[in-house]
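The lines below spell out each chain.
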Amino acid sequence: MSGNQESGCLTFYVNGKKVTERDVDPETMLLPYLRKRMRLTGAKYGCGGGGCGACTVMLSRYQVHSRSVVHCAVNACLLPVCQLHGAAVTTVEGIGSTKTKLHPVQERIAKAHGSQCGFCTPGMVMSMYTLLRNKPQPTMEDITEALAGNLCRCTGYRPILDGYKTFCESSNCCQNSGAKSCSSGNSISENNSNCCQQNGKEPGRANGNEVTDDVENGHLKLFNTDNLLPLDPTQDLIFPPELIRMTESGLQATQTFRGERITWVSPISLDEVVDLKSRHPEAPIVIGNTNIGLDIKFKGILHPFIISPTRVPDLFVVKNTPQGVSVGAGCSMSVVRAALEDLVRTLPLDQTEVHRALLQQLGNLAGQQIRNVATLGGNIVSAYPNSDLNPVLAAGNCRLTVVSKGGRREIPMNKDFFVGFGKTLLNPDEIAVSVFIPVSRKGEFVRAFRQAPRKENALATVNAGMRVRFHDGSSVVDELSIFYGGVGPCTVGASKTCQQIIGRPWGEKALTAAYPVLLEEILLPPSAPGGKVAFRRALTLNFLFKFFLQMQQKLAEMGIITDDLQQDMRSSLEALPNDFLPSYQEFQDVLEGQPGQDPVGRPMMHRSALSQATGEAVYCDDMPKTEGELFLSLVTSTKAHAKILNIDVSAALALPGVVDVITARDIPGKKFRMFCGMNEELLAEKEVTCVGQMVCAVVADTKPHAKRGAAAVKITYEDQPELVFTVEEAIEKKSFFEPLREIERGNVSEGFKMADHIHEGEIRIGGQEHFYMETQSMLVIPVGEEGEMNVYLSTQHPAMAQDSIAETLDIPSNRVTCHIKRIGGAFGGKVTKTTILACITAVAAWKTERSVRLVLERGEDMLITGARHPVLGQYKIGYMKDGRITAADVKYYANAGNTADESPLIVAKILLHFDNAYNIPNMRGRSAACKTNLPSNTAFRGFGVPQCMLVTESIINDVALKLGRPAEEIRELNMYRGPSLTHYKMPFDPENMLRCWEECKRRSSIQRRRGDIAQFNQHNRFKKRGLALVPIKYGIGFDIAFLNQAAALVHIFQDGSVLVNHGGAEMGQGIHTKMQQVASRELRIPTSLIHISETNTHMVPNTCPSAASFGTDANGMAVKDACETLYKRLEPIRKRNPEGPWQSWIKAAFLEKISLSATGYYRGHDLYMDWEKQEGQPYAYFTYGVCCCEVELDCLTGDYRTIRTDMVFDIGRSINPSIDIGQIEGAFTQGVGLYTMEELKFSPSGVLYTRGPGQYKIPAVCDVPLQFNIYLLRGTQNPHAIYSSKGIGEPALFLGSSVFFALKDAVAAARSDAGLSGPFEFHSPATPERACLACASHLTQMVPISKPGSFQPWAIETP
Ligand SMILES: Cc1cc2nc3c(=O)[nH]c(=O)nc-3n(C[C@H](O)[C@H](O)[C@H](O)COP(=O)(O)OP(=O)(O)OC[C@H]3O[C@@H](n4cnc5c(N)ncnc54)[C@H](O)[C@@H]3O)c2cc1C
Ligand code: FES
Ligand code: FES
């Protein structure tokens, strides 16, 4: 060390409290430190890798040079505690609470209905809170940017944005939403009356009460802004003066922390860093930890020595000179961005070409939390193949200054700088000190390009930096520099291509000659890692083309060339629309005469929303550690099909902290679970049939020890032949789970005979990861007496978990109590899979006689627990010239994975819904669950319906494309009309479906917009708009009769407070809130007197799963029944004392020995499906909806934006419109993910690549439709469910397909420009890759396509 005093003592503050730490393990990140050590469980674990934002906290530091405090939102999961010296951390608990005072950011997200399961809510709150600390009156753009790094799987984000929009300056006007003027004539602003300025309404008037019942401009509102807590900076914690003094004193010492495996040194001078690096050249320099952190966590790379120069001033200097700016390599992306923005404001525009190109990339690089810590130097030196900055820095002639014992040198960031994956010209002992960004010269232009799987917070698929310098006053190219990212192991230059253009005038000719050179130069082999080969190659061409257009426009502007850019090309250079317009939610009012106290039918905030927003809500892993508790970590198969020859646990058992290893032999009872009549092993004993199958489990004193133990278990396998991954392979090998299903209506062969045309086609629909924000979590606590077990877990089906655990342990069910407080999202993925995990955890608890906790890492969860089934749909259809479909013969093959799970039920449900809204007289459906060597797939919201209906709608779309007519006309022509029978002979009346259809057409002014879109498409060559109107008819209920029953237990306590227990699990869908509303109506008391604590198998036994959109229907009736009983029992007392109050009735009842506890029961509908006869009544009723979406597509990148969505839903009389609209928006957004974004990728040997938010993209804030209108159909009734309501949890998911079909519509317009017409292959998800390639532009068509079969692709097609 360089003479400074060495110490390993940290001083920092958390929520205003001083923390002094001496012996921190460098591997400890702030998130587990807060959650486990400090018991601040508000920040959540969602991914551990900076990709979800659930762990967001605010980090504040005092800066001596500016004498100010800087506040940043950061991901606690990637922040090493060792770096906290001198910092103040604020968590969600530190800003407000329900016990003291809420903070407005907490209150507004809750009251705007922006919190469903609530798991993402603390992270959202903290991102927004930090924004407000820095900018108390943000713009809408600020808000969307601040929330770009926060994922939510439940809400669809619209309510979160609406809640936070209220902080915008003069939030009273909708204009403030960042929208273009509502009156600007913008074609998507259909209804100018939406603008508050135009219709004279006075926004901001409302209540903030628990129950919203306000009317605004004749419309009821979901969320009112009156009485909201004002933003009050005095409520904020002040930055600790002690830390200011500490920082100002300048008294700093080198700090060293030694952990179990890592030594961490935090030096304070550059000399010291140089010295350390010379002695430890292999040691990483860690500042942001956004790369190294992931390596350690996810790749298991151990760095025994780490140098963290966060306090070395030389690395943070930003220095301007007339030649350019030198930016310290340690500066975070946010600091770099601010510095460049400053320069762009102050320097002449023509000097800031590189600055602006960098700013463009910085605006899209990761989310705010990552940008606040990830450093410039780290980005450069990490040398990611798809770093966003490197191509621009390289093209922009930037230079890197490095230092080592050997001295200082400046390295040009040119084509020689990047030498391979993760490698640059830097020597191992060199430290990057600064980056020099030159001012641009006369005639020089720099541009940046980027395409990513999601518009924001996603690593680029391909990016580029391009620079050109024209010869004085001419269009002749003097210099040209082109660099790409994402097309090789590192940033690559295209110098040959540049040479082709240099010396020639900028024009078509030079460009046309350059394309083939570029294709030769940037070669991607067909099996290149990352796949998407044709797309990536197309992007290299398309970016060059965009650059060409931009420069052509520039030269024309400068008067250097006369031929201006063609009119229809101009929009190719513009960004996609991004301005929000006010969204609108319409619902029916309660019936006249309904008492004000009765909350049924009124919007009411989720009953836990405030607890969720303050971080007080308790999820499974928030429960405190119990005495002697162990952590369980699973060992999973690395082989897709193999015999297990040996499991060697000796090395694992020898590791510190490891207590035991659990194998199948330890299971005292049944070693398997039976689903759909087929056994599924809990832990594989002799054979594994997929990668990710659970083989054994290690229990240890801590999570890291358990993980290391699991990694040390050695399993010897003998590979088995006959691998089956795809449905085609399964079909060929007849590898199916029985039964195969078939159903037919009419006579299909006759239908084909009478048709004018026959058409055949197929569509592949990819699977979908549930991506519930809370991963599978459980805690099993042995009571220690008579085999009793208390199980706290996150499941939709507690009774199944209870029974299964009992069978596994060979004890009666009455010894096992399952408790579910709340679930952080489930979507079907927390039924069977959770049950198996709970059984394994229970065996560990039983064997060790200690409490055992299991919380899956995101990657494990994605690997082990399966997903939505990928489906291949093959169809043959007959149709008439007018568009009527006479016959359809459809086959569905679902990739079930290695075990049956619920797959046979899913493929059956597919056949019950494949008619959707259409009365096709002759139709046959056949479905099969394919048995493959992939992880077993399971239930997911919609249970097969979203897949089967996409096939149906594709059929309709094909007919429309064949006939050259809008798809909605073909849909309308084929719809059910009048009293009808489904293909399984269930009678129903489609009237409300048709009403939704008509109303959606009217609300979305489809006719006029079709005209506008045609015009737009005519005038724009590479931007296209598309529109689609899609209906749904969705059956509610279980076709297995016994699953429709429910029970409840209601207690009234002597003080009048009521405790409701029922069988439904709260997973964000708001079932507890609705049950509270039911009890409130039946007992005629305010909801504030009613509490629901948890779902508990000993309170309400033998429950059915919370699934199939049926939870409220069934449990609501049971709660109603119990409350009616109780209310009736009170009748004599009520008669004697009609005025009450309630509390006096209850007191009297107790004294008169009237039981104040009652059970309720609902037998449910006797639904059935007779597959032999092919008829039945499998549903209680249908929920109907129609959705119209319009998108704008950039044909050159495949990026798109949904510019408007209108949805009309018939959900009867909604019990709680805010919750139901939340379900509609959330499901729709999940559907948009399914059909346009989310891709599960498997390697050719069956390994799941996509194991976290880094690789698997779910919709984010940037995917919210710019205008998102929901209308609940008025004047509807439903005699089949409680209070005339309808189930709505699942149906809207399919309507996300309206975005898919709108995209297809836009692609069809692009294809028409390319001279192509008729049906075309367009599989789901319609990712940018698929959309761009399907547009078949002249450039895309240049990309040579490798012959299938001639190479091994990087990933396999699962459906
Ligand atoms: C969720 C997420 C999203 C992301 N999205 C994007 C994106 O969209 N675009 C993009 O370009 N990048 C993206 N990144 C990558 C991110 O920008 C880089 O990880 C980051 O810039 C690395 O900086 P760091 O300070 O965190 O590096 P660290 O993890 O601290 O270090 C990384 C490596 O760089 C070396 N290093 C760091 N500083 C120096 C130095 N001064 N001298 C010598 N060596 C040094 C270290 O030795 C180490 O090997 C993303 C990362 C995450 C986690
Ligand atoms: S848990 Fe930290 S970002 Fe996901
Ligand atoms: S409320 Fe956002 S993840 Fe559930």
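Procedures and definitions
- Residues numbered from 1 in each chain as written.
- Chains lettered and ligands numbered in written order.
- Predicted model: local features only at pLDDT ≥ 70, side-chain atom pairs only at ≥ 80, totals over all residues.
- Heavy atoms only, no water.
- Near = heavy atom within 4 Å.
- Polar contact = N/O pair within 3.5 Å; in protein donor to acceptor, adjacent residues only side chain to side chain.
- Areas by Shrake-Rupley, 256 points an atom, 1.4 Å probe, with all protein chains shown as cover.
- Helix = DSSP H or I, 4+ residues; strand = E, 2+ residues; numbered from the N terminus.
- Axes fitted to C-alpha atoms, helices over the stretch in contact; angles between N-to-C directions.
- Parallel < 35°, antiparallel > 145°, perpendicular 65-115°, else oblique.
- Left-handed = near helix turned anticlockwise from the far one by under 90°.
- Contact = heavy atoms within 4.5 Å.
- Nonpolar A, V, L, I, M, F, W, Y, C, P; charged D, E, K, R; others polar.
- Phe/Tyr/Trp six-rings, centres within 6.5 Å; stacked < 30°, edge-to-face > 60°.
- Buried < 20%, exposed > 50% of the residue type's maximum accessible area, 1.4 Å probe, protein only.
- Lys NZ or Arg CZ within 6 Å of the ring centre and 35° of its normal.
- Salt bridge = Lys/Arg side-chain N within 4 Å of Asp/Glu carboxyl O.
- Core = buried A, V, L, I, M, F, W, Y, C linked by side-chain atoms within 4.5 Å.
- pLDDT = per-residue confidence, 0-100.

1. Let's talk about the site of ligand 1
For step 1, the next point in the chain: I285, T290, T375, D388 and A432 are the nearest of the 33 residues found near ligand 1.
For step 2, the next point in the chain: Between ligand 1 and N289 there is a distance of 2.9 Å, counted from an oxygen atom to a backbone nitrogen or oxygen.
For step 3, the next point in the chain: Within the contact set of ligand 1, an oxygen atom lies 2.6 Å away from a side-chain nitrogen or oxygen of T290.
For step 4, the next point in the chain: Coverage of ligand 1 by the protein chains reaches 93% of its 970 Å² of free accessible surface.
For step 5, the next point in the chain: Those elements giving two or more residues to the shell around ligand 1 turn out to be α9 (292-298), α13 (376-382) and β18 (431-438).

2. Here we look at the packing of helix α2 (residues 104-111) against helix α5 (residues 158-165)
For step 1, the next point in the chain: Two elements in contact, α2 and α5, have axes whose closest approach is 8 Å; the angle formed by their N-to-C orientations is 135 degrees. On the basis of the axis angle, α2 is oblique to α5. Note that α2 runs across α5; the crossing there is right-handed. Contacts from V105, R108 and I109 of α2 reach α5 at I160, G163 and Y164.
For step 2, the next point in the chain: Split by residue class, the contact of α2 with α5 holds 4 nonpolar, 1 polar and 1 charged.

3. Some thoughts on the packing of aromatic side chains
For step 1, the next point in the chain: Per the stated rule, a full pass over the model turns up 29 aromatic pairs.
For step 2, the next point in the chain: Summarising the aromatic geometry, the rings of F449 and F543 are spaced 5.5 Å apart at their centres and angled 20 degrees between planes, so their arrangement reads as stacked. Of this pair, F449 sits in strand β19 (residues 444-451) while F543 sits in helix α17 (residues 533-557), and the two are 94 residues apart along the sequence.
For step 3, the next point in the chain: Its relative accessible area of 5% is what places F449 among the buried residues.
For step 4, the next point in the chain: Each member of the aromatic cluster is reached from another via a ring pair, and the members are F445, F449, F470, W506, F543, F545, F547, F548 and F1022.
For step 5, the next point in the chain: The residue whose ring lies beneath R858 is F771, and the NZ or CZ to ring-centre distance is 4.2 Å.

4. Details of the pattern of salt bridges
For step 1, the next point in the chain: Under the criterion given, the structure shown has 84 salt bridges.
For step 2, the next point in the chain: Across the salt bridge formed by E260 and R708, the nearest N and O atoms sit 3.0 Å from each other. Here E260, found in the loop between β9 (254-258) and β10 (263-266), pairs with R708, found in helix α21 (residues 703-712); they are 448 residues apart in sequence, far enough to count as distant.
For step 3, the next point in the chain: Judged by its relative accessible area of 22%, R708 falls in the partly exposed class.
For step 4, the next point in the chain: As a salt-bridge pair, E586 and R1003 come within 2.6 Å of each other at their nearest N and O atoms. Taken together, the residues span a long stretch of sequence, with E586 in strand β23 (residues 585-586) and R1003 in helix α30 (residues 991-1003) at a distance of 417 residues.
For step 5, the next point in the chain: Look at E586 and you get buried, because its relative accessible area is 6%.

5. Thoughts on the side chain of Q585
For step 1, the next point in the chain: By the secondary structure assignment, Q585 is in strand β23.
For step 2, the next point in the chain: In contact with Q585, other than residues within four places in its own chain, are R158, D162, L220, L222, I1221, E1225, F1268 and I1270.

6. Quick word on the nonpolar core
For step 1, the next point in the chain: Among the nonpolar cores identified, the biggest contains 265 residues, and Y164, Y484, W506, F545, W1142 and F1209 are the most heavily contacted of them.
For step 2, the next point in the chain: Tallying contributions element by element places α17 first for this core, with 14 residues.
For step 3, the next point in the chain: One finds V89, L362, C398 and A432 within the second-largest nonpolar core, a separate group that totals 74 residues.

7. Comments concerning the confidence of the model for the protein chain
For step 1, the next point in the chain: Within the protein chain, residue pLDDT values average 94, and 96% of them lie at 70 or more.
For step 2, the next point in the chain: Within the model, pLDDT remains below 50 along residues 1-5, and this stretch shows 14 contacts once partners closer than five positions in the same chain are excluded.
For step 3, the next point in the chain: Contacts for the low-pLDDT stretch residues 171-210, under 50 throughout, to residues beyond four places or in other chains number 97 contacts.

8. Considerations on unusual backbone geometry
For step 1, the next point in the chain: For the peptide bond that leads from E738 to P739, omega is -5 degrees, which places it in the cis range.
For step 2, the next point in the chain: Residue placement: P739 occurs in strand β32 (residues 736-745).
For step 3, the next point in the chain: Each neighbour pair has its own omega, and for G1140 with P1141 the value is 5 degrees, a cis peptide bond.
For step 4, the next point in the chain: You can see P1141 is positioned in the loop between α34 (1131-1136) and α35 (1142-1151).
For step 5, the next point in the chain: Look at H113: it is not a glycine, yet its phi comes out positive at around 70 degrees.
For step 6, the next point in the chain: Its location among the elements puts H113 in the loop between α2 and α3 (121-134).
For step 7, the next point in the chain: Residue E722 is not a glycine yet carries a positive backbone phi of 65 degrees.

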